[in-house]
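This is what each chain is made of:
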Amino acid sequence: MGQFDPRVDAFIEKSADFAKPVLIHIREVVHKASPLINETIKWGMPFFDYKGPVCMMAAFKQHCAFGFWKASRLNDPQGLLKGSDDEASAGSFGRINSLADLPSDEALIGFVHQVIAMNESGVKEPKKPSVPKAEIPMPDDFGKLLETNTSALANFVNFSPSKKREYLEWFVDAKSDATREKRMQQALEWIAEGKSRNWKYQ
């Protein structure tokens, strides 16, 4: 891990065209905030660290995300922060589609300085009590689909409960029957290869 990581360059380069200027700008602002910041890749996304995570950025097909690690503890008089801590899909500022969706450089630099100060002082996020999630029943149509592919069926049976849930939630969240069917077919292919739902980001 160093101040600049070539893997972050590669991440930006392979991102969608709309995302590149957003990611480049975020990177510049974070390093402008402090020369102590080092880059790394965690969970397939660029992270900016100093004595622990400071912030992260991500690019998806239609939006970017930028989040601060201890967002719930940051002083935010302007009410700029949205979402929850460590929420990769939306980050601390909601879905970012262009530079106009980002707060001012001064505001971002202020947040960076706050997290650095917390990391310096050893402030840690309190552990959240784990609440068991209700079990999602196996949909009949997906159960029948799994039975058509012995590799997928064997892999799914051996998946951890959380891996199974990721797929089942994906089906439940589908807005239409066509989308649900497409997701189940895609899932069958990935599961047969032993892949988790979010394997692209791991």
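In this text the structure is predicted, and so the values were computed from the model without any measurement.

Before going further, it helps to spend a moment on the sheet that holds strand E1 (residues 38-42). Taken together, 4 strands build an open sheet; the order of strands is E1-E2-E3-E4 and the sheet is antiparallel. Of all the strands in the sheet, just E1 and strand E4 (64-68) have a single pairing partner and so form its edges. Between one strand and the next, the sheet's axes are offset by a mean angle of 20°, whatever the strand orientation. Relative to strand E2 (residues 45-49), E1 is paired through 5 bridges, and the arrangement is antiparallel. Looking across to E2, one finds that Lys-42 is bridged to Met-45. Its contacts with the sheet place helix H2 (residues 19-33) against E1, E2, strand E3 (53-59) and E4, and it is angled at close to 170° to E3. Lying on the sheet, helix H3 (residues 105-121) is in contact with E3 and E4; it crosses E3 at an angle near 135°.

In this section: the pairing of E3. Among the 7 residues that make up E3, 6 are buried, leaving the element largely enclosed by the rest of the structure. Sheet topology places E3 next to E4; 5 bridges connect them, and they run antiparallel. Across the sheet, residue Met-56 finds its bridge partner in E4, namely Gly-67. From the end of E3 to the start of E4, which pair antiparallel, there are 4 residues.

To continue, consider the confidence of the model for the protein. Low-confidence regions, as indicated by low pLDDT, have predicted coordinates that should not be scrutinised in detail. The predicted model of the protein has a mean per-residue pLDDT of 87, with 89% of residues at 70 or higher. Per-residue pLDDT stays below 50 along residues 84-89; that stretch engages in 15 contacts with residues further than four places along the chain or on separate chains.

Direction vectors running N to C along helix H1 (residues 6-13) and H2 enclose 155°, while the axes themselves pass 9 Å from each other. As summarised for this structure, H1 and H2 are arranged roughly antiparallel, according to the angle between their axes. Each of Val-8, Asp-9, Phe-11, Ile-12 and Glu-13 in H1 lies in contact with H2, whose residues at this interface are Lys-20, Leu-23, Ile-24 and Arg-27. Class assignment for the residues of the contact of H1 with H2 results in 5 nonpolar, no polar and 4 charged.

The rules we used
- Residues numbered from 1 in each chain as written.
- Predicted model: local features only at pLDDT ≥ 70, side-chain atom pairs only at ≥ 80, totals over all residues.
- Heavy atoms only, no water.
- Pairing = 2+ DSSP bridges.
- Helix = DSSP H or I, 4+ residues; strand = E, 2+ residues; numbered from the N terminus.
- Axes fitted to C-alpha atoms, helices over the stretch in contact; angles between N-to-C directions.
- Contact = heavy atoms within 4.5 Å.
- Buried < 20%, exposed > 50% of the residue type's maximum accessible area, 1.4 Å probe, protein only.
- pLDDT = per-residue confidence, 0-100.
- Parallel < 35°, antiparallel > 145°, perpendicular 65-115°, else oblique.
- Nonpolar A, V, L, I, M, F, W, Y, C, P; charged D, E, K, R; others polar.

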